[in-house]
Amino acid sequence: MKEYVCAQRCRGIEISGIRKLFEAAGPDSINMGLGQPDFDTPDHIKEGAIRAIREGKTGYTSNMGIPELREALSSKFKKENGLSYDPGQIIVTAGASEALHIIMQALIEEGDRVVFADPGFVSYGALAVLAGGRPEGIPLDSKLRINIEAAKSRMDGARMIVINSPGNPTGAVESRESIRALVEYAQDTGVTVVSDEVYEHFLYGSSHHSAALFGEDVITVNAASKTYAMTGWRLGYLAGPGEYTEQCLKVHQYCQACATSISQYAALAGYTGPQKCVGVMRDEYRKRRDYLYAELRKMGFSFPLPEGAFYLFVPMKRNLLEKILKKGVIIVPGDAFGCNAPEYARMSYAASMENLKTAVERIRAAAGE
Ligand SMILES: Cc1ncc(COP(=O)(O)O)c(C=O)c1O
């Protein structure tokens, strides 16, 4: 029989556990497993795309992205993040996912260690392995934030640390002092910081602090995906020192050529248009977070109130999680996000209030069995 041989670096990673759950979901399931806004993309952004199609802006763009969008992103960095990135230091990508991928491909040598929070976003480890690196998790403290001392010990001799605040799957927000401490230690020890800031606008009390405020060897990753409810448009970007972006651009050029032209014009309408839509979504997420958190506390679950993103990360025995899944509420087991949180579940509240109410009833019923 013919043997179909695939590369070990690909065979060595698993298909995301989250996808498998969706495939198993029944028709009346309530989906609290998704890492995407349940809002529609705002109209003025859709109009930007429609205009681009009508005007025939449907060809390849410059590899780095259309100059108008990179100008707009440079202004956004200045205004919202206090960062000075020249448009020439910004690459527009197919979502934050591609940005993370090309960074790893451009910077990681065989065997390099890449450290990040465990539990953490599913892609960091897989992308590090695909680039020949060795992922290593940093344990969290009781508030689900990065344990700084553990992070420092893991950074020694590492090539890269990925910081993600507000964080997926925990919703935790790192303090300004913690981000500063992590970045400064990284700079002192020659570790590059990648700061994944895709949830920067979904904060319910604290402010956002970009890692690049505290050091030079930092690459900032962001996207229109969560900010403007545009996950399917696949529009992200990275910004960093020119030496890095030059190498990242080569990978981007050969694997992607450019981000979708239409999505770039849509994002241009997003970044240069009214920002009220973002505040409306944030207020709605906050209401849902407060509701879900209060209901879960009433049921006896005990965990810190997450200050950002749109996830609750709830300590939960596996048999209860399975009962909840059987009742048709999709939540994601903690072990999908690393090794350190098997007895947890991630619940996304990027679902309508009506669905959250039904989910709460079902969870209560499962917990009472
Ligand atoms: C922390 C984090 N980074 C990056 C991404 C990927 O974003 P995009 O859809 O822009 O590729 C996600 C998506 O869930 C995420 O949660």
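Residues numbered from 1 in each chain as written. Predicted model: local features only at pLDDT ≥ 70, side-chain atom pairs only at ≥ 80, totals over all residues. Heavy atoms only, no water.

### Considerations on the overall build of the protein chain
Test applied: Secondary structure elements are taken from DSSP: a helix is a run of H or I of four residues or more, a strand is a run of E of two residues or more, and numbering for both begins at the N terminus. The globule rule used here is 2.2 Å times the number of residues to the 0.38 power, and the radius of gyration it is set against is calculated over C-alpha atoms. Between buried and exposed lies partly exposed: a residue is buried under 20% and exposed over 50% of the maximum accessible area for its type, with that area taken using a 1.4 Å probe on protein chains only. In this analysis, two residues are considered to be in contact whenever any of their non-hydrogen atoms come within 4.5 Å of each other. Surface accessibility follows the Shrake-Rupley procedure with a 1.4 Å probe radius. Residue values consider only the protein chains on display as shielding. All tallies of charge rest on Lys and Arg as positive and Asp and Glu as negative; His and the ends of each chain are not included. Charged side chains are reduced to one point each, which is NZ for Lys, CZ for Arg, CG for Asp and CD for Glu.
Helices and strands together make up the secondary structure of the protein chain, namely 14 helices and 12 strands. On C-alpha atoms alone, the protein chain measures out to a radius of gyration of 20 Å, which is about the 21 Å that the 2.2 N^0.38 rule sets for 369 residues. For the protein chain, the C-alpha atoms occupy an extent of roughly 60 × 60 × 50 Å along the three principal directions. A burial count over the protein chain gives 53% of its 369 residues as buried. Looking at the protein chain alone, contacts between residues at least 24 apart form 74% of all its contacts between residues at least 6 apart. Carbon and sulfur atoms make up 50% of the accessible area of the protein chain, which amounts to about 16100 Å² in all. Seen as two clouds, the 42 positive and the 44 negative side-chain charges of the protein chain have centres 5 Å apart.

### Thoughts on the site of the ligand
Filter applied, for reference: Whether a residue is near a molecule or strand depends on its heavy atoms: if one lies within 4 Å, it is near. Contacts described as polar in this section are N or O atom pairs within 3.5 Å, which, within protein, must combine one atom able to donate a hydrogen with one able to accept it, while residues neighboring in sequence count only if both atoms come from side chains. Grid points spaced at 1 Å over the protein atoms alone were grouped into cavities, where a 1.4 Å probe fits but cannot get out, and pockets, open sets with protein on both sides within 12 Å along at least five of seven lines, with lining residues defined by an atom within 4 Å of a point. For a cavity or pocket, the test is whether more than half of a molecule's atoms lie within 2 Å of its grid points; if they do, the molecule sits there.
In the neighbourhood of the ligand, 15 residues make up the surrounding shell, with Ser 97, Asp 196, Tyr 199, Ser 225 and Lys 226 lying closest. In the model, an oxygen atom of the ligand is placed 2.6 Å from a nitrogen or oxygen of the Ser 225 side chain. At 2.8 Å from an oxygen atom of the ligand is found a side-chain nitrogen or oxygen belonging to Arg 234. For the ligand, the protein covers 92% of the area, taking 390 Å² as the surface of the free molecule. Using a 2 Å cut-off from the grid points, one finds that the ligand occupies the largest pocket.

### So, the nonpolar core
Here is the rule we go by: Among buried residues, the Ala, Val, Leu, Ile, Met, Phe, Trp, Tyr and Cys ones that are joined through side-chain atoms within 4.5 Å form a nonpolar core. Domain start and stop positions are those given by an automatic or database domain assignment.
Ile 161 and Met 316 are the most contacted members of the largest nonpolar core, which has 117 residues in total. Looking at which domains feed residues into this core, each of domain 1 (8-41 + 276-368) and domain 2 (44-272) gives three or more. Filtering out sequence-adjacent residues up to four positions away, Met 316 remains in contact with Phe 301, Leu 321, Ile 324, Ile 331, Glu 343, Tyr 344, Ala 345 and Met 347.

### Regarding the sheet that holds strand S6 (residues 192-196)
As a reminder, the rule being used: DSSP-based pairing: two strands are paired if at least 2 bridges between them are found. Think of each axis as a best-fit line through the C-alpha atoms, taken over the contacting stretch in the case of a helix, with angles from 0 to 180 degrees between the N-to-C directions.
Spatial ordering of the open sheet is given by S2-S8-S7-S6-S5-S3-S4, a layout of seven strands whose pairing is mixed. Every interior strand has two partners, whereas the edge strands, strand S2 (90-93) and strand S4 (134-138), have only one. Taken pair by pair, the neighbouring strands of this sheet meet at an average axis angle of 20 degrees, ignoring direction. Against the sheet, helix H8 (residues 176-188) touches strand S5 (160-164), S6 and strand S7 (218-223), its axis set at about 170 degrees to S5.

### Let's talk about the domain arrangement of the protein chain
Counted only if it meets this: Here the quantity called buried area is the accessible surface, traced with a 1.4 Å probe, that two parts lose on coming together, added over both. Note on definitions: salt bridges are taken to be side-chain nitrogens of Lys or Arg within 4 Å of carboxyl oxygens of Asp or Glu. The classification used treats Ala, Val, Leu, Ile, Met, Phe, Trp, Tyr, Cys and Pro as nonpolar, Asp, Glu, Lys and Arg as charged, and all other residues, Gly among them, as polar.
Domain assignment breaks the protein chain into domain 1 (8-41 + 276-368) and domain 2 (44-272). Spacing between the C-alpha centres of domain 1 and domain 2 amounts to 24 Å. Taken residue by residue, the interface counts 35 residues in domain 1 and 38 residues in domain 2. Across the interface of domain 1 and domain 2, roughly 3000 Å² is buried in total on both sides, 62% from carbon and sulfur atoms. On the domain 1 side of the contact with domain 2, Thr 41, Glu 307 and Phe 337 bury the most area, a combined 22% of that side's loss. In this structure, the salt-bridge partner of Lys 46 is Asp 40, at a minimum N-O distance of 2.6 Å. Here domain 1 and domain 2 share 17 residue pairs in polar contact (both at pLDDT 80 or more) between them. Elements that contribute at least two residues to the side of domain 1 that touches domain 2 include exactly helix H1 (8-11), helix H12 (276-298), strand S9 (311-315) and strand S12 (344-348). Here the side of domain 1 that touches domain 2 takes seven residues from H12, the largest share from any one element. For the side of domain 1 that touches domain 2, the residue count by class is 22 nonpolar, six polar and seven charged.

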